[in-house]
Amino acid sequence: MTPELNVGTLLNELFIDTVRVSLPLFRPELCLVATIVLLLMCRMLPLLRHLDSGGIALGGVCFAAWYAYVDFLSIGSQMGDPLLSADAVRNELFGGLLVFDSFTAFLRLVLAGFLVLYAVLTKLSGIPDREDGADFYSLVLGSSLGMCLMVSANNLVMVFMAIEMASVPSYVLAGMLKGRPASSEAALKYAIYGAGTAGVMLYGISLISGVLGTLALPDLSFEISRVLAVGGTSGSTMVLCLGGLMLSVGLAFKLSAVPFHFWCPDVFEGAAAEVGAFLSVASKAAAIALLVRVAFAFSAPVGDTALGMSASAVAGSDVRHFVVYVIGLFAAITCTFGNLAAYGQTNMKRLLAYSTIAHAGYIMMAVAAAVAMVAISVDGARDAVSAVAFYLATYLFMNLGAFGIVALLRNRLKSEEIASYAGLIHGSPGIVVAMAVVLVSLVGLPPLAGFVAKFLVFSSLVDAITAGAESPLMLSLLVVGGFNTVISLFYYLRVLKVMTFDPVPEDRVSEPFPFVSISGAMITGLVLPVLVFGVFWSGLYAAAHLAGVIAS
Amino acid sequence: MAPAENPAFWPLTVIVFLPALVAAGLSLPIIPKAREEIIRWSTLATTAVVFLLSLWVAVPQFFGAVGPGQFVVGQAEMQGVVKLPWIESFGIEYLLGIDGISLPLVVLTTFISMLAAAASWSIKKHVKAYHILFLLLETGMLGVFVSLDFFLFYVFWEVMLLPMYFLIGVWGGPRREYAAIKFFLYTLLGSVLMLIAILMLYFTSDVRLLSDEQLIATHVVQPSTATQEIASLRSAESAVHTFNLMALAAVGQLPNSPFAATTVWLGMSLETWAFLLLLIGFVIKVPVFPVHTWLPDAHVEAPTPISMILAGVLLKLGGYGILRICYPICPGAGLSLAWLVCGVGVVSMVYGAFAALAQTDFKRMVAYSSVSHMGYVMLGLGVWSAVAGQEYRWEFWAQGVNGAMFQMLAHGISSAGMFFMVGVLYDRVHHRNLNEFGGIFSKMPVYSGLAIVVFFAGLGLPGLCGFIGEVLVTLSSWNYSRPLAVISAFTVILTAAYILWAIQKVYLGAEYRGPYEDALKPITPRELSIATPLVFLAILFGVAPQTLFQYVTPSVNQQVETLAEWTRDVNDGARKMIVAEDDHGVPDGNSVITRAEIVSREIASRWAQD
């Protein structure tokens, strides 16, 4: 900081920060922005109106995915470079509002990869018709832009803005199916819940910033330790706790964690299956990433710089304890409730909604383990964050596959009720096998990717137990997780049972699903990674392990 | 070592993965569904090739001199170990191997699978899907028996579940859906508990505790590059975890085993918890009372070939797991919980026999007889960990374990035979009600003769395979607990009662009392070709048990001897310590001392010395 305030220097610094540092690492997001602008422009110009919006969107997200991939490779090679320290590959962008590290790069790659597959899937399933196409894709891309900001947020204000940016377009997406009351109801519910939780979260953020005097995530844990160690004014601890809980309300809403999940089944049932896929994969990945960032910001260990070491260490471990218990309790309740509620569902999308809720619970268990180990075993914390990253990557294929199959079957059967799938194996064995792979992977049985993801989550919990980090909570989470795996089997298998054991209803008029077709190839492309990553997961885990470095 | 350099790589890998490969080939759309005969014959050919290959490994003298990759009879150690890296960040390996415990079970699996494939001609609907699932199931079963990496073991263990679920659920009897989901839920519950135990053991294990010789013997390091690998292990800063079953066993048997020294919950050591969790996972598969209830349902609803596989192979997985994993890795817990293993064994032995007596459904009766017979296996395995007074006569324990192993193999033959014999009748008259049979002997004399031999083998008649295992187990349990030995001896009477009654009701008698009397045609050549080998083996193993014992005994004895020495060290160590601490110098051999205490005392005394 130069003492003299010179407008020229300021502008110059701003220019360097933006153009030299930030924008080159912001290329995927810029691609999304450019695509959105292009999509909207096309609607205005009569000549371009006949261009296919799906094609434009696909091209744009392919560019975004390519840049995300390049960024990930380059940060990977930088981290492999022994000359550079771990801090060297952490870049703060736009004056510290965003951060670019391997976690950002990995999650952004997951999101961009999802968008590519998603664009192809929506082209094939045809849910945005020619009229809606531009709207649909610009909303999806706009929301994805918000999610990219969520995974790289480095400031509480950015956290709020990113969540809102991701949410507002999804409210509209939920209501895309015009003329269907269920769809409008879903959109309304979603918007009201979203607005309510956003308000609460914003209030929480302002409480935190009021007490701590900072909004930057990297400074939070130090400031908290300072406030707690000094003792602060009366009630500051209380205010901090309240602020943290209010912030967690906003995150829990995005995560659809119980008890802030009520919107989720209604929205999934009311909205098109494609929208469900978007909300359950991309939105969930971004929300989990944000949870990891915020949780680490609150509980990162503080060095003994200015404060007395013991006091700050004690304060830090208290905060960590609090954060771990909040996340752990959310995880256990969410997981159990999601699985139990999925039992009674007759609608496939509603069942998948509860399955999404349950899986958020599993992933949050690993987050809790990561936070618990952050000061005790750095390697363990890194492994736990890697487990989260790995889970999100495999979850992409599992859930996009499941929703894709639901969407394609809806086009044939005109129904999304589980009962309407009866006896599908007789006419369309290919799609039933694909569904079986996806659902069994969601249960978590080997040799499928879902098993590996669950294995990694459980192993991070056991690692925390053996390392002595919050052992009682971790042990109960392990038991809850195992118990839930068993009970989840029942409702996933019920779908398979209907598809295979039950007789074909006599009034079925639709043609069988031809698996040798473009749609079949798309489904194969989604399901094959579930098999491949279940057996050969070294490579994906290595990539996830790079992302896990934020814990160390 | 490159895969091609290891002579055991191809035989073992092909044995395990050939069925899955053929299944993948069959699932391609190029094979038309309607060509059922092609699908049936290619499945049968695959299982036959796998069987011949396993025979090539197991009985080299049939094929000329012993070559590389074949099994050396009489050698106790693990043979033909295949070791390739799989997931390096977790130290997970593609680690296969066979010894006298796993090889006979591998051959049993390939043999029963071949017969079951031949018996699958009675399957009429969805032939293609059935055979694909059948072959996948075979890969899963064989993989469990040959894998020596715990992760790999678990993967194969779970791979069996889904094919089995569909095989019961689609091709089963009237209550098939209920039976299939019940089977799946029970087994998955056990698997999840097992997974928790696996993770706990993994994260507590540390191969750096092992000596250089142990590292080589347990195949943690390759012999060719042992020096460098050991050096890099020794220089590691933090614990080096492992999934290698042999290394885990070596770590578990160390005097300062980290499994025994770690307390997890409720004051019990990790060793005890891991033992309990693994035991629950395995006994669900065995199954023993009170987690056996999936078995009668699954058996009754499953089609005949699948019942043969269920009884012949799947139940053995539990016993194998206890023998290969529970005891070697958690010896201390095994020692202190011997009463539990023996107890549930005897309870399910008696319970299964009484339940079998009460059945009117022929297949259900055979299913309960499996529960009863597998009780002998549990008793034989449990007796292993018993201390024979203060003498440590490991021969007594070895007798029990050898008997349990023999009982598993013999039961594989006899129960598969019994289910097949029931299936032959069911295919003709479409019912299994014991009270509606009678007079079969006069209508189907050849079949009835074979069936009676098989049922007598199940009864345990001397001269047939069922006798050897039961008598060895009963004899060895005498040294452990006389009441248990007496009960298990008396159970033979119950067994005789239900089997003789069944034979009397079904095969003897003046006339047939049920429906479809006209359908009782003599046995077909295909059925005869399945029944004859089973009957032949039932007699062969009864007359010449040495054919099996020459494989089983060296490996079992070695493992038992090692653990006997371990027990002696632990108990003597405990007694010495008590003597040393007791000022009056009165040795108190009866005082109860847990292994965790011993270990903690040892560590404390070492620190004091330092």
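In this text, all values refer to a predicted model and were calculated from it rather than measured experimentally.

## Details of the overall build of chain B
Step number 1: Helix and strand counts for chain B stand at 25 helices and four strands.
Step number 2: The globule rule puts the C-alpha radius of gyration for 610 residues at 25 Å, and the 25 Å found for chain B is close to it.
Step number 3: Its C-alpha atoms give chain B principal-axis dimensions of roughly 85 × 55 × 45 Å.
Step number 4: Within the span of chain B, comprising 610 residues, buried residues form 62% of the whole.
Step number 5: Taken as a whole, chain B presents about 21500 Å² of accessible surface, with 65% of it coming from carbon and sulfur.

## Re the overall build of chain A
Step number 1: Helix and strand counts for chain A stand at 20 helices and two strands.
Step number 2: For a compact globule of 552 residues, the expected C-alpha radius of gyration is about 24 Å, and chain A comes in at 23 Å, within 12% of that figure.
Step number 3: C-alpha extents for chain A along the principal axes are approximately 80 × 60 × 45 Å.
Step number 4: In chain A, which comprises 552 residues, the share counted as buried stands at 60%.

## Examining a nonpolar patch on the surface
Step number 1: There is a patch of nonpolar side chains on the surface, built from Val33(A), Val37(A), Met41(A), Met44(A), Leu45(A), Leu47(A), Leu48(A) and Leu51(A) and spanning about 750 Å² of accessible area.
Step number 2: Assignment of secondary structure puts Leu47(A) in the loop between α2 (27-44) and α3 (53-80).

## Topic: the packing of helix α18 (residues 394-429) of chain B against helix α20 (residues 445-459) of chain B
Helix-helix packing: each pair is described by the crossing angle between the helix axes and the interaxial distance.
Residue and element names in this part refer to chain B.
Step number 1: Where α18 contacts α20, the axes come no closer than 9 Å and their chain directions differ by 145°. Considering the relative orientation of α18 and α20, their crossing is left-handed. Seen from α18, the contacting residues are Ser414, Gly417, Met418, Met421, Val422, Val424 and Leu425; seen from α20, they are Tyr447, Leu450, Ala451, Val454, Phe455, Ala457 and Gly458.

## Observations concerning the side chain of Asn244(B)
Residue and element names in this part refer to chain B.
Step number 1: Note on placement: Asn244 falls in the loop between α9 (226-234) and α10 (245-252).
Step number 2: By relative accessible area, which is 2% here, Asn244 ends up buried.
Step number 3: Within the structure, the side chain of Asn244 is placed 3.1 Å from the backbone nitrogen of Ala247, a separation counted as a polar contact.
Step number 4: Filtering out sequence-adjacent residues up to four positions away, Asn244 remains in contact with Leu95, Leu148, Asp149, Thr218, His219 and Val220.

## Some words on the packing of helix α1 (residues 9-27) of chain B against helix α2 (residues 36-58) of chain B
Residue and element names in this part refer to chain B.
Step number 1: Between α1 and α2, the least distance of the axes is 9 Å, while the angle of their chain directions is 175°. Judged by the inter-axis angle, α1 sits roughly antiparallel to α2. Within the contact between the two elements, α1 uses Pro11, Val14, Ile15, Leu18, Pro19, Val22 and Leu26 and α2 uses Ile39, Ser42, Thr43, Thr46, Val49, Val50, Leu53, Ser54, Trp56 and Val57.
Step number 2: Along the lines of polarity and charge, the residues of the contact of α1 with α2 split into 13 nonpolar, four polar and no charged.

## What about the nonpolar core?
Among soluble globular proteins, nonpolar side chains are generally buried collectively.
Step number 1: Membership of the largest hydrophobic core comes to 424 residues, with the highest contact counts inside it found for Met474(A), Trp537(A), Phe150(B), Phe362(B) and Tyr507(B).
Step number 2: For this core, the leading source of residues is helix α14 (residues 378-413) of chain A, giving 23 residues.
Step number 3: Dropping the residues within four chain positions of it, Trp537(A) is found in contact with Phe390(A), Val452(A), Phe455(A), Leu456(A), Ile87(B), Phe90(B), Ile92(B) and Phe151(B).
Step number 4: Formed by eight residues, the second largest nonpolar core is a distinct cluster that contains Cys342(B), Tyr376(B), Val383(B) and Leu484(B).

## Re α18(B)
Residue and element names in this part refer to chain B.
Step number 1: Its 36 residues place the ends of α18 52 Å apart at the C-alpha level, agreeing with the 52 Å of an ideal helix rising 1.5 Å per residue.
Step number 2: At His411, α18 is bent by approximately 25°, the largest bend along its length.
Step number 3: Here α18 lies mainly inside the structure; 30 of its 36 residues are buried.
Step number 4: Two residues or fewer past α18, His430 is found with a positive phi of approximately 60°.

## Looking at the state of the cysteines
All names here are of chain B.
Step number 1: The full count for this structure, using the stated rule, is zero disulfides over all chains.
Step number 2: Take Cys326: it sits in no disulfide, and the sulfur closest to it among the cysteines is that of Cys330, at 6.6 Å.
Step number 3: Of the residues examined, Cys326 reaches a relative accessible area of 0% and is grouped as buried.

## Describing the pairing of strand β2 (residues 92-98) of chain B
All names here are of chain B.
Step number 1: Burial within β2 is extensive, with seven of its seven residues counted as buried.
Step number 2: Burial along β2 is two-sided: Ile92, Tyr94, Leu96 and Ile98 and Glu93, Leu95 and Gly97, pointing in opposite directions, are all buried.
Step number 3: The hairpin formed by strand β1 (residues 79-87) and β2 contains four residues between the paired strands, and Gly91 there has a positive phi angle of roughly 65°.

## A few points about the confidence of the model for chain B
Step number 1: Residue-level pLDDT values for chain B average 84, and 91% of them are 70 or greater.
Step number 2: Per-residue pLDDT stays below 50 along residues 582-593 of chain B; that stretch engages in eight contacts with residues further than four places along the chain or on separate chains.

## Points about the interface of chain A and chain B
Step number 1: Contacts between the two partners involve 31 residues from chain A and, on the opposite side, 33 residues from chain B.
Step number 2: Both faces considered, chain A and chain B share a buried interface measuring about 3100 Å² in area, 83% of it formed by carbon and sulfur atoms.
Step number 3: Sorting the residues of chain A by area buried against chain B places Phe455(A), Val486(A) and Phe501(A) first, and these three jointly supply 20% of that buried surface.
Step number 4: Taken together, the links from chain A to chain B amount to one salt bridge.
Step number 5: Notably, a salt bridge pairs Glu177(B) with Lys497(A), separated by 3.2 Å at the nearest N-O pair.
Step number 6: Taken together, the connections running from chain A to chain B amount to three residue pairs in polar contact (both at pLDDT 80 or more).
Step number 7: Looking at the side of chain A that touches chain B, the elements with two or more residues in it are α16 (429-443), α17 (449-467), α18 (471-500) and α20 (538-547) of chain A.
Step number 8: Broken down by element, the residue count for the side of chain A that touches chain B peaks at eleven residues, all from α18(A).

## Looking at helix α16 (residues 338-358) of chain B
Step number 1: Compared with an ideal rise of 1.5 Å per residue, which puts 21 residues at 30 Å, α16(B) spans 30 Å between its outermost C-alpha atoms and is within 8% of the ideal.
Step number 2: For α16(B), every residue scored as buried is listed here: Ala338(B), Val341(B), Cys342(B), Gly345(B), Val346(B), Ser348(B), Met349(B), Gly352(B), Ala353(B), Ala355(B) and Ala356(B).

## Describing the pairing of β1(B)
Residues in a regular strand point their side chains to alternate faces of the sheet.
Residues and elements named next belong to chain B.
Step number 1: Among the nine residues of β1, seven are classified as buried, and the element is accordingly described as predominantly covered.
Step number 2: Of the pairings in the sheet, the one linking β1 to β2 comprises six bridges and is antiparallel in character. The residue bridging Pro85 from the neighbouring strand is Glu93, located in β2.

## Describing the packing of aromatic side chains
Step number 1: What the rule picks out here adds up to 63 aromatic pairs over all chains.
Step number 2: Look at Phe501(A) and Phe166(B): their rings are 6.1 Å apart centre to centre, the planes differ by 90°, and that puts the pair in the edge-to-face class. In this pair, Phe501(A) is assigned in the loop between α18 and α19 (518-535) and Phe166(B) in helix α6 (residues 161-171), connecting two distinct chains.
Step number 3: Given a relative accessible area of 9%, Phe501(A) falls into the buried group.
Step number 4: Connected via pairs of aromatic rings, a cluster forms that spans Phe390(A), Phe451(A), Phe455(A), Trp537(A), Tyr541(A), Trp86(B), Phe90(B), Phe151(B), Tyr154(B), Tyr202(B), Phe203(B) and Phe243(B).
Step number 5: Over the ring of Tyr362(A) we find Lys454(A), and its NZ or CZ is 4.1 Å from the ring centre.
Step number 6: For Arg432(B), the ring lying beneath its charged end belongs to Tyr426(B), and the centroid distance is 4.8 Å.

## Details of the environment of Gly100(B)
All names here are of chain B.
Step number 1: Its location among the elements puts Gly100 in the loop between β2 and α3 (102-119).
Step number 2: Sequence separation between Gly100 and Cys465 is 365 residues, and the spatial gap between their C-alpha atoms is 19 Å.
Step number 3: Ignoring anything within four residues of it in the chain, the contact list for Gly100 reads Phe71, Met405, Tyr551, Val552 and Ser555.

## With respect to the pattern of salt bridges
Step number 1: Scanning the model with the defined rule gives 26 salt bridges over all chains in all.
Step number 2: As a salt-bridge pair, Glu274(A) and Arg410(A) come within 2.9 Å of each other at their nearest N and O atoms. Within this pair, whereas Glu274(A) is found in helix α11 (residues 273-299), its partner Arg410(A) is found in helix α14, the two being separated by 136 residues in sequence. The same class applies to Glu274(A) and to Arg410(A), which are both buried.
Step number 3: A salt bridge links Arg208(B) to Asp206(B); the shortest N-O distance between them is 3.0 Å.
Step number 4: Overall, the relative accessible area of 26% leaves Arg208(B) in the partly exposed class.
Step number 5: Accessibility expressed as a relative area gives 9% for Asp206(B), which makes it buried.
Step number 6: Each of Glu185(A), Lys189(A), Asp266(A), Glu269(A) and Arg350(A) takes part in a single network of salt bridges with overlapping partners.

## Focus: the environment of Val388(A)
Step number 1: Topologically, Val388(A) is positioned in helix α14.
Step number 2: Given a relative accessible area of 1%, Val388(A) falls into the buried group.

## Digging into unusual backbone geometry
Residues and elements named next belong to chain A.
Step number 1: The step from Val258 to Pro259 runs through a cis peptide bond, and the omega angle for that step is 5°.
Step number 2: Looking at the secondary structure, you find Pro259 in the loop between α9 (236-255) and α10 (263-270).
Step number 3: In this model, Pro446 is joined to Pro447 through a cis peptide bond whose omega is 0°.

## A word on the environment of Leu137(B)
Residue and element names in this part refer to chain B.
Step number 1: Mapping Leu137 onto the fold places it in helix α4 (residues 127-146).
Step number 2: Overall, Leu137 belongs to the buried group, its relative accessible area being 0%.
Step number 3: The sequence separation of Leu137 and Ala23 amounts to 114 residues, and the corresponding C-alpha distance is 10.0 Å.
Step number 4: Beyond its immediate stretch of four places on either side in the chain, Leu137 contacts Met160, Pro163, Met164, Leu167 and Ile309.

Procedures and definitions
- Residues numbered from 1 in each chain as written.
- Chains lettered and ligands numbered in written order.
- Predicted model: local features only at pLDDT ≥ 70, side-chain atom pairs only at ≥ 80, totals over all residues.
- Heavy atoms only, no water.
- Helix = DSSP H or I, 4+ residues; strand = E, 2+ residues; numbered from the N terminus.
- Rg over C-alpha atoms; globule rule 2.2 N^0.38 Å.
- Buried < 20%, exposed > 50% of the residue type's maximum accessible area, 1.4 Å probe, protein only.
- Areas by Shrake-Rupley, 256 points an atom, 1.4 Å probe, with all protein chains shown as cover.
- Patch = residues over 30% accessible without salt bridge, like charges linked within 9 Å, V, L, I, M, F, W, Y side chains within 5 Å.
- Salt bridge = Lys/Arg side-chain N within 4 Å of Asp/Glu carboxyl O.
- Axes fitted to C-alpha atoms, helices over the stretch in contact; angles between N-to-C directions.
- Left-handed = near helix turned anticlockwise from the far one by under 90°.
- Contact = heavy atoms within 4.5 Å.
- Polar contact = N/O pair within 3.5 Å; in protein donor to acceptor, adjacent residues only side chain to side chain.
- Parallel < 35°, antiparallel > 145°, perpendicular 65-115°, else oblique.
- Nonpolar A, V, L, I, M, F, W, Y, C, P; charged D, E, K, R; others polar.
- Core = buried A, V, L, I, M, F, W, Y, C linked by side-chain atoms within 4.5 Å.
- Expected span 1.5 Å × (residues − 1).
- Bend = angle between axes of the 7 residues up to and from the residue.
- Disulfide = S-S within 2.5 Å.
- Pairing = 2+ DSSP bridges.
- pLDDT = per-residue confidence, 0-100.
- Buried area = accessible area lost by both parts, 1.4 Å probe.
- Phe/Tyr/Trp six-rings, centres within 6.5 Å; stacked < 30°, edge-to-face > 60°.
- Lys NZ or Arg CZ within 6 Å of the ring centre and 35° of its normal.

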